[in-house]
Amino acid sequence: MKAIHYLDGQWMEGNPPILGPLSHATWMASVVFDGARAFGGVAPDLDRHCERIVKSTCALGMKSMLTAGEIMEIAREGIGHFANGAELYIRPMLWAEQGHGKYMVMPDPESTRFCMSLFEVPLPKPGPTSVCLSSMRRPAPSMAPTLAKASCLYPNSGRALAEAAERGFDNAVLLDGNDNVAELATANIWIGKDGAAHTPAANGTFLSGITRARVATLLREAGIKVHERTIAWQEVMDADEVFTTGNLAKVLPITRVENRDLQPGPIYNKARELYFDWAYKA
């Protein structure tokens, strides 16, 4: 896998060491990142991903030394290092080197560092995907920095995925603290019912994805009703169809929920068609 990284003003390859044992990020998890995509000569919503990484940095008490526009230019420069049309994962990351305060738990905003990584990851193709209900929960905003794409949130996703794998499933559906559906361990979730699309309303417990927002807009423009609302687990079990949106794969169907088999439905098919049509024209 080819991987390149922009660090301290220069590009390098491989997996360069960037954290030390005294780095605040190493022992206090002061790290945020974002993930965008490039494929077929396009990088859809790259500007939104770059804007979000700056917001995530501030939400964790750090300070980005680069604007969203500057981060986007670095990403576009990096894309140029690969073959035309390469399928890439674009990952800007910011972290704190030092802490401050009596206990050194808070990150020192002035010590924030930046790295941009790009590496080849093929877009996953639609295929059989199974999900189960996880025993894990998404935290409330008062419990974790849920408004940031923060690395410290992902070990819980890893626990949910491990639990799902032990049961023979590919992914897991997590609820929030009020027992309402939040999202999958790795992506946002949608259901189709009676010709309308439904997805959990952003309530601060999960990352309301950029691809999620784009698909919602495209479906509405196509005349399909989109409801962002509270969704109960039983509604997922009773749905006509279930699908996901996320940066890694964009739009994929779910073909099994617990012991219930499903087929890719018309709303999923339309969402995927609309998204990639838009992406290649944007």
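Residues numbered from 1 in each chain as written. Predicted model: local features only at pLDDT ≥ 70, side-chain atom pairs only at ≥ 80, totals over all residues. Heavy atoms only, no water.

K.L.:
Before we go on, may I ask you to explain the packing of aromatic side chains in this structure?
P.N.:
Centre-to-centre distance and the angle between the planes together describe a pair of aromatic rings. Enumeration over the complete set of coordinates arrives at nine aromatic pairs. A ring pair is formed by Y6 and W11, whose centres lie 5.3 Å apart and whose planes are at 65°; its orientation type is edge-to-face. With 5.8 Å between their ring centres and 85° between their planes, F39 and Y280 make a pair best called edge-to-face. Taken together, the residues F39 in the loop between β4 (36–38) and α2 (46–59) and Y280 in helix α7 (residues 266–281) connect sequence positions 241 residues apart. Residue class for F39 comes out buried when judged on its relative accessible area of 1%. For Y280, a relative accessible area of 48% corresponds to the partly exposed category. (Phe/Tyr/Trp six-rings, centres within 6.5 Å; stacked < 30°, edge-to-face > 60°. Helix = DSSP H or I, 4+ residues; strand = E, 2+ residues; numbered from the N terminus. Buried < 20%, exposed > 50% of the residue type's maximum accessible area, 1.4 Å probe, protein only.)

K.L.:
Sorry if this is basic, but what is going on with the pairing of strand β11 (residues 181–184) here?
P.N.:
Looking along a regular strand, one sees the side chains alternate between the two faces of the sheet. In the sheet, strand β10 (residues 171–175) pairs with β11 via three bridges, with the strands oriented antiparallel. Each residue of the ladder has a partner; that of L175, found in β11, is V181. Hairpin connection from β10 to β11: five residues lie between these consecutive antiparallel strands, with D179 at a positive phi of about 65°. (Pairing = 2+ DSSP bridges.)

K.L.:
Quick question: what am I supposed to make of the pattern of salt bridges here?
P.N.:
It is possible for side chains of opposite charge to pair when their charged atoms get near one another. By the definition in use, this model includes 13 salt bridges. Taking the shortest distance from any N to any O, the salt bridge between R214 and D45 comes out at 2.7 Å. Of this pair, R214 sits in helix α5 (residues 210–221) while D45 sits in the loop between β4 and α2, and the two are 169 residues apart along the sequence. Each member of the pair, R214 as well as D45, is classed as buried. One salt bridge in this structure joins R212 and E228, with 2.8 Å as the shortest N-O distance. Residue R212 is found in helix α5, and its partner E228 is found in strand β14 (residues 226–229); the two are separated by 16 residues along the sequence. Residues joined by salt bridges that share partners form a network here, namely D8, E97 and R113. (Salt bridge = Lys/Arg side-chain N within 4 Å of Asp/Glu carboxyl O.)

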